[in-house]
Amino acid sequence: MKSVLILVDGANGQVAKSTGELATFAKRIGEVIAVVFDPSLVAGLGAYAIDKVVVVGGFDATKFSPAPIAESLAQLITTKSASAVLITSSARGKEIAGRLAVISGSGIITDAIDVDADLITTQSVFGGSTSVHANVSHGTAIITLRSNAVEVIAASATPTQEDFTPTISDMAKLATVTSSQPAAKGGRPELTEASIVVSGGRGTNGDFKPVEAFADSLGAAVGASRAATDAGWYPHTHQVGQTGKTVSPQLYVACGISGAIQHRAGMQTSKLIVAINKDPEAPIFELADYGVVGDLFNVLPAATAAIAAKK
Ligand SMILES: Cc1cc2nc3c(=O)[nH]c(=O)nc-3n(C[C@H](O)[C@H](O)[C@H](O)COP(=O)(O)OP(=O)(O)OC[C@H]3O[C@@H](n4cnc5c(N)ncnc54)[C@H](O)[C@@H]3O)c2cc1C
């Protein structure tokens, strides 16, 4: 049976949902070995389909750049004879994956939205118009997977646990973290991890209140088109699209967004797309599963009130 390492993500005792998604993909391939660098996350792993937990010790991973994590994973590939390593497609995840591929002499595939039992991945490219199927032909398959790409399956058994102390080179410890500050967050979920995203565009005319109120009624994250972020109406960190973030939620609601190809590039793999636009000819309707032709300043408050009434 193949063994698959998954890199556990999370902070302050909270395991990120993306870890459950990695476990779900890994379970299709073989034995799931969760690699955790923060012992406070171990308790939260019982909820997912994980067979073994390896707790890496000997250094504090939060105090270093990703280099020691990559070295640790490279050693675990050997000791566990792993066929694949699955990592979340965040900026940090991709840095770890890149370093790991170099150290272990392996091929790497980033931003996959699927991986099957034969380690064949699917990537969505050219603004979602093309699906690429690929596999790693050399070494261990190092694969980063986008969040929200799969429905998480629950735990199948209680995982066994073991400790592992890697040998970390002095070179890997050269870059240290001197301080870090969690990004200021409202009560809303992280854009790339949210299962519902409500985005506003130029049609908001700078007033995001109806978009935010609707998002809050659904427990959703708020996104924005580049027209809205360039105008300074919403922070650039919330921009969805080719030069912004890529999201793949269960539900994406585009409000006052025309559906330019560069915007589609960041949201086209959403499972269900709803568009609200007052122009019936807006290109976003070609992509939407459901469309509302109307003024967002009327539609959104009515939808928010209807959801509140159902609660
Ligand atoms: C290299 C490059 C990279 C880019 N990267 C990105 C990117 O990452 N993300 C991105 O989004 N764009 C990106 N763009 C810009 C992109 O081409 C579009 O210009 C942009 O997406 C348009 O944003 P919009 O849909 O909000 O605005 P518009 O195209 O102006 O559309 C506004 C829509 O709102 C509708 N509307 C107006 N008023 C209302 C109302 N009251 N109620 C309902 N509907 C209303 C209109 O009918 C219209 O369809 C990029 C462009 C380039 C060249």
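Everything below is about the structure shown above.
Residues numbered from 1 in each chain as written. Predicted model: local features only at pLDDT ≥ 70, side-chain atom pairs only at ≥ 80, totals over all residues.

K.L.:
Describe the sheet that holds strand β1 (residues 3-7), with residues and values.
P.N.:
Pairing is parallel in the open sheet, where 7 strands are placed in the order β7-β11-β6-β1-β4-β5-β12. What marks the edges here is a single partner per strand, and that holds for β7 (108-112) and β12 (160-164). With strand direction ignored, the average angle separating the axes of adjacent strands in the sheet is 25°. Relative to strand β6 (residues 84-88), β1 runs parallel, the two sharing 3 bridges. (Pairing = 2+ DSSP bridges. Helix = DSSP H or I, 4+ residues; strand = E, 2+ residues; numbered from the N terminus. Axes fitted to C-alpha atoms, helices over the stretch in contact; angles between N-to-C directions.)

K.L.:
Requested: an account of the sheet that holds strand β8 (residues 114-115), with residues and values cited.
P.N.:
In spatial order, the strands read β8-β9-β10; together these 3 strands make up an open sheet with antiparallel pairing. With one partner strand each, in any of the chains shown, β8 and β10 (130-134) form the two edges of the open sheet. In terms of strand pairing, β8 meets strand β9 (residues 121-125) through 2 bridges, oriented antiparallel. Within β9, the residue paired with D114 across the bridge is T122.

K.L.:
Now, about helix α4 (residues 209-218): what can you tell me, with residues and values included?
P.N.:
Buried within α4 are the following residues: P210, V211, F214 and A215. Relative to the axis of α4, the buried residues are bounded by an arc of 135° and lie together on one face. Contacts made by the buried residues of α4 are with β13 (196-200), β14 (221-224), β15 (251-255) and α8 (296-310). One or two steps after α4, the chain reaches G219, where phi turns positive at roughly 70°. (Buried ≥ 20, exposed ≤ 12 C-beta atoms within 10 Å, placed from the backbone. Arc of directions from axis to C-beta. Contact = placed C-beta atoms within 7 Å.)

K.L.:
Give me the lowdown on helix α2 (residues 67-79), citing residues and values where you can.
P.N.:
Here α2 spans 19 Å end to end across 13 residues, near enough to the 18 Å set by a 1.5 Å rise per residue. Where α2 is concerned, the buried positions are P68, I69, A70, E71, S72, L73, A74, L76 and I77. Buried residues belonging to α2 abut β1, β4 (31-36), β5 (52-56), β6, α3 (91-104) and β12. Looking one or two places after α2, you find S81, whose phi comes out positive at around 45°. (Expected span 1.5 Å × (residues − 1).)

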